[in-house]
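One-letter residues, chain by chain:
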Amino acid sequence: MIVLFLLIPLSIVIAATFLVGFMWAVRSGQYEDTSTPSLRPLMDDKLNNEKENK
Amino acid sequence: MPDLMTNTADYADTRLDATLQSSEADTPEIGCFHCGTPLRGSVFTSRDKSFCCGGCQAVFELITENGLGDFYRFGNAAGVRTGSVPKVEEFGYLDDPELRERLVDFADGRTTRASFRAPSMHCIACVWLLENLFRLNPGIGYCRVNFPRKEVSITFETRKVRLSEVVALLASLGYAPQFDFSDSEGRRRTPVSRRLWLQLGVAGFAFGNIMLLSISSYLGLDAFSGPGLRKLFGWISLALALPAVAYSGAGYWQAAWLALRKRIVTIDVPIAVGIAALAAWSIGEVFTGRGPGYFDSLAGLLFFLLCGKLFQQKTFDRLAFDRDYKSFFPLSILRRKEGREERISLSQLRAGDRLVIRNGELIPSDARLISGPATMDYSFVTGESEPVEKIAGDHLYAGGRQIGGAIEVETVKEVSQSYLTSLWNQDLLSKDKKPSLETLTNRYSRRFTIIVLAVAAGAALYWSLHDSNRALPSFVSVLIVACPCALALAAPFTLGTAQRILARRNVFLKNASVIEALARTDTVVFDKTGTLTASGAGSIVFCGKPLREEEEGCIFSLAQHSTHPHAVRVAKSLERKHAPQPVQSFSETAGCGIEGIVAGHEVCIGSAAWLESRNVAVQSPATAPGSIVHVVINGNYRGCYTLSSALRPGADEAIRKLSKDYELALLSGDNEKERGRFREFFGNFGLLHFNQSPMNKLNFIRQLQAPGRTVLMAGDGLNDAGALKQSDVGVAVVESIGAFSPASDVIMSADMVPQLHEVLRFAKASVRVVQLSFVISAIYNLIGISIAARGLLSPVVCAILMPLSSVTVVVFACGLTTRLGSRIHRAAMPGGGAGP
């Protein structure tokens, strides 16, 4: 069980990196418009087709 | 593709746009390749495609030449009609350094970033085109669309492209950005709830990790590894929980402190007390090494509370609930100076300037008419739907809209000192409605807090007499378990759900607490024009000897050439039956009538006075509601059209239903001629007031409120703005979502007016759901307190009880509200037809 003394802090450090990632996402405004990004994949498809045609 | 759109975005207004579009596509006529407008008369062609106007053709060429032809593969006729090709010079005023400074978000020597509101974007193709703008102009860099907000943010090179060029490009594509006067005053969007998201993230992080550590202690970890690990877990939990308490809980600390300073009890007080008790007790336990504390419950509590807060904070980005007159005014105005015309921004306007006002433009400040007879539509200011004729030298009030040819005016006052503006600058209107602290939750929490404190004190007293060691723990654990998490969640989740359900029916609430006000409403006041009656869609009846088919065709062809609202309506009523014929020697006497020769007939239509002055005997029908347009063909009087404003379909039924449960009143800026008609609908007890000025309306609402009534006012124009603000619930009725509406609490699509009764009933039902949820949370609290008062509260019990009560309440509240909401949907379908 002594290994827990290593694993627990490690798990928290990993979790903290996710928290930092989340904070970055919020600060960069990703939570402000949650519906337009869902449309973009549909558009990229069109654009790629066009490139292939050329 | 519009169908796809409705599936992906859950914005009801988008859906509305999509349905409008598809109904256009249903018409069998051949439409413009770009925008789908049915082709009539002259057609523009390019590469085998037909277009309705030069603007559409130009956009098509611009798009295809730059390799964006795929735009048209998103769907048929995805474009927006532009009419004509706008010139860059028209937007030259935007390059004025001072104005530019206020309009752009960011600018330095190299790059500039600006956001534009482009309400005409409506589908995925629009998003695609706008995000590919850089292909059309090499100076433009990165473009990003925020679809729900109908906003495009564009980065461009400062030296290569001017702001006016970017705007002209957008306008030429049909996405003319909307600027209004308030933009130039440095209006900035309220920052979105970033802080709340961050707080939620921190609380969630603490909650997840502490839970992970706590589960081991619930299961008796000591059996395997001794107390060392438990101590470590306690300290780690403490370290994780502190930022959550300090940062995530900050909103509750502040709110509770504020409430205490004002000596009132809001829901935040028992929450803050609960959090403080939990934190203090747990820290004590960790320091003394007695146990792991209640950090798991603490972090969970914060997490759930913040979820509720976020859920309630649904805002409708596209809609502005706090517009004032400035938003109605254009950003720029055409000034004539020393024989030259120049576009200047409205803030540069000074008294004594000469302005050119074109058809459909607003008079920005009180002015004197210099040249040209004017036809002023004051419906904006007074609600009077009939335009008023003015001659040179007359005084014009700001807010009037010119109908007809261009006129020249000289301003006599500055924008901020005009009649309309001064109305606005009254104390009342400049003040915001204070958000009421007297919400349901706060009423309950007051009693609740007193009871809890009494029980806690009682428990402490009891144990100090019997077993003094248990006095403090029982006191603290009562405070802990009584922390009204479920109580605090009941209202946000119920009202938030209700708000979403209503939004799907095109009724948008400023915030969730408006529902409580809707439920309290006992008096409903309507504006007439534009609210109960549909503007421009009234009935038109011809009186006199029936017209021959051919004669009707002539009248249609002639009326088509005028912009006077009466002529427009006559033309519209005949549009379906006839094709336009060429008109010779057309002439219009502004505000009086029009004449011309169509297919060899001399046709003359206009007002009685005008025709009489031309020696034609006119017979006006004795009692006609509404306006009259007389017709003379080849010198013979043929009869007249009576135009009456039509009640919205279903509005009469709605009024009858409402009259059973509510006091009703009608306020109109219009004259009395329709009194009889409305008396029928409103019954004998409804109050009908005509010829009401904006100030009269406001005072009327105030009088109603004096004996303690809760008044709902439904109106549409600036003339109702004062009344909307004074009323307890101001409902702005709009023809299309996103159109300008005065400051209000509710923005409602006009086709929901007949369902107002259902909406009010739903609001009442929602409030009842909140009350039921309170009962549930009270039961949980009773169980919890009964355990706590005996001093038996263990971390496990606490950790189970708290989330369980919260989850039950949330599921109950959301589920029941959704069920009730689906009921109004069904009721709304036959009349409204707004939903898909």
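Residues numbered from 1 in each chain as written. Chains lettered and ligands numbered in written order. Predicted model: local features only at pLDDT ≥ 70, side-chain atom pairs only at ≥ 80, totals over all residues.

Caption draft 1: Main features of the overall build of chain B. A count of helices and strands for chain B gives 27 helices and 28 strands. Relative to all contacts within chain B whose residues are 6 or more apart in sequence, the contacts with residues 24 or more apart total 68%. (Helix = DSSP H or I, 4+ residues; strand = E, 2+ residues; numbered from the N terminus. Contact = placed C-beta atoms within 7 Å.)

Caption draft 2: How the structure looks around the interface of chain A and chain B. Taken residue by residue, the interface counts 22 residues in chain A and 23 residues in chain B. Breaking the side of chain A that touches chain B down by element, the ones donating at least two residues are α1 (4-27) and α2 (40-53) of chain A. Classifying every residue of the side of chain A that touches chain B by side-chain character gives 14 nonpolar, three polar and five charged. (Nonpolar A, V, L, I, M, F, W, Y, C, P; charged D, E, K, R; others polar.)

Caption draft 3: Representation of the domain arrangement of chain B within the structure. Residue and element names in this part refer to chain B. For chain B, the assigned domains are domain 1 (2-179), domain 2 (194-315 + 442-494 + 768-824), domain 3 (325-423), domain 4 (499-534 + 648-764) and domain 5 (535-646). Taken together, the six residues of domain 1 in the interface contact five residues of domain 3. Of the residues in the side of domain 1 that touches domain 3, the class split is three nonpolar, one polar and two charged. (Domains from an automatic or database assignment.)

Caption draft 4: The confidence of the model for chain B, seen in detail. Residue and element names in this part refer to chain B. Taken as a whole, chain B shows an average pLDDT of 75; of its residues, 81% reach a score of 70 or greater. Ranking the elements of chain B by mean pLDDT puts helix α1 (residues 2-8) last with 38 and helix α10 (residues 250-261) first with 89. Confidence drops under pLDDT 50 across residues 1-28; counting only partners more than four residues distant or on other chains, this segment forms 45 contacts. Confidence over residues 826-836 falls short of pLDDT 50; this stretch has 23 contacts with residues more than four positions distant or in other chains. Here the predicted complex scores 0.71 on pTM and 0.84 on ipTM. (pLDDT = per-residue confidence, 0-100.)

Caption draft 5: Spotlight on the packing of helix α7 (residues 194-218) of chain B against helix α12 (residues 295-312) of chain B. Residues and elements named next belong to chain B. Running from N to C, α7 and α12 cross one another at 150 degrees; their axes reach a closest spacing of 8 Å. When the axis of α7 is compared with that of α12, the two are roughly antiparallel. α12 is crossed by α7, and the crossing has left-handed handedness. In this structure, α7 contributes L196, Q199, L200, A203, G204, A206, F207, I210, M211 and S214 to the contact, and α12 contributes F295, D296, A299, G300, L302, F303, L306, C307, K309 and L310. (Axes fitted to C-alpha atoms, helices over the stretch in contact; angles between N-to-C directions. Parallel < 35°, antiparallel > 145°, perpendicular 65-115°, else oblique. Left-handed = near helix turned anticlockwise from the far one by under 90°.)

Caption draft 6: Focus on the environment of A114(B). All names here are of chain B. Among the structural elements, A114 can be located in strand β4 (residues 111-117). Distance from A114 to L801, taken between C-alpha atoms, is 51 Å for residues 687 residues apart in sequence. Among all residues touching A114, those that are not within four sequence positions of it are L103, V104, D105, I154 and L163.

Caption draft 7: Layout of the sheet that holds strand β12 (residues 388-390) of chain B. Residue and element names in this part refer to chain B. On the basis of which strands lie adjacent, the open sheet formed by three strands has the order β12-β11-β14 and antiparallel pairing. Of all the strands in the sheet, just β12 and β14 (401-402) have a single pairing partner and so form its edges. In terms of strand pairing, strand β11 (residues 374-377) meets β14 through two bridges, oriented antiparallel. Residue pairing across strands places D377 opposite R401, the latter belonging to β14. (Pairing = 2+ DSSP bridges.)

Caption draft 8: Highlighting unusual backbone geometry. Residues other than glycine seldom take positive phi values, yet N506(B) does so here, at roughly 65 degrees. Accessibility expressed as a C-beta count within 10 Å gives 24 for N506(B), which makes it buried. (Buried ≥ 20, exposed ≤ 12 C-beta atoms within 10 Å, placed from the backbone.)

Caption draft 9: The arrangement of the sheet that holds strand β6 (residues 151-157) of chain B in detail. All names here are of chain B. Reading across from one edge, β3-β4-β6-β5 is the order of the four strands in this open sheet, with antiparallel pairing throughout. Across the chains shown, the open sheet's two edge strands, defined by having one partner strand only, are β3 (106-107) and β5 (140-146). Bridge count for β3 against β4 is two bridges, and the pairing is antiparallel. Residue F106 lies in a different strand from β4, and its bridge partner there is R113.

Caption draft 10: Here's a closer look at the pairing of strand β10 (residues 367-371) of chain B. All names here are of chain B. For β10 and strand β13 (residues 395-396), the ladder comprises two bridges, and the chain directions are antiparallel. Residue A367 lies in a different strand from β13, and its bridge partner there is L396. Of the strand pairs in this sheet, β10 and strand β15 (residues 407-411) are connected by four bridges, and their pairing is antiparallel. For A367, the partnering residue across the bridge sits in β15 and is T411.

Caption draft 11: Here's a closer look at the packing of helix α15 (residues 440-466) of chain B against helix α26 (residues 756-789) of chain B. Residue and element names in this part refer to chain B. Packing of α15 against α26 leaves a shortest axis separation of 12 Å and a crossing angle of 10 degrees. With respect to each other, α15 and α26 are oriented roughly parallel. Contacts between α15 and α26 involve L440, Y444, V455 and A459 on the former and, on the latter, V767, V770, F774, I785 and A789. Looking at the contact of α15 with α26, its residues break down into nine nonpolar, no polar and no charged.

Caption draft 12: Region of the structure containing the confidence of the model for chain A. With 76% of its residues at a pLDDT of at least 70, chain A reaches an overall mean of 76. Per-residue pLDDT stays below 50 along residues 48-54 of chain A; that stretch engages in one contact with residues further than four places along the chain or on separate chains.

Caption draft 13: Main features of the nonpolar core. Residue and element names in this part refer to chain B. The biggest cluster of nonpolar side chains holds 139 residues, and the ones touching the most others in it are L298, A299 and V478. When residues of this core are assigned to their parent elements, the largest contribution, 13 residues, is made by α26. Taken domain by domain, this core gets at least three of its residues from each of domain 2 (194-315 + 442-494 + 768-824) and domain 4 (499-534 + 648-764). Ignoring anything within four residues of it in the chain, the contact list for A299 reads A203, A206, F207, I210, A241 and A244. (Core = buried A, V, L, I, M, F, W, Y, C linked by C-beta atoms within 7 Å.)

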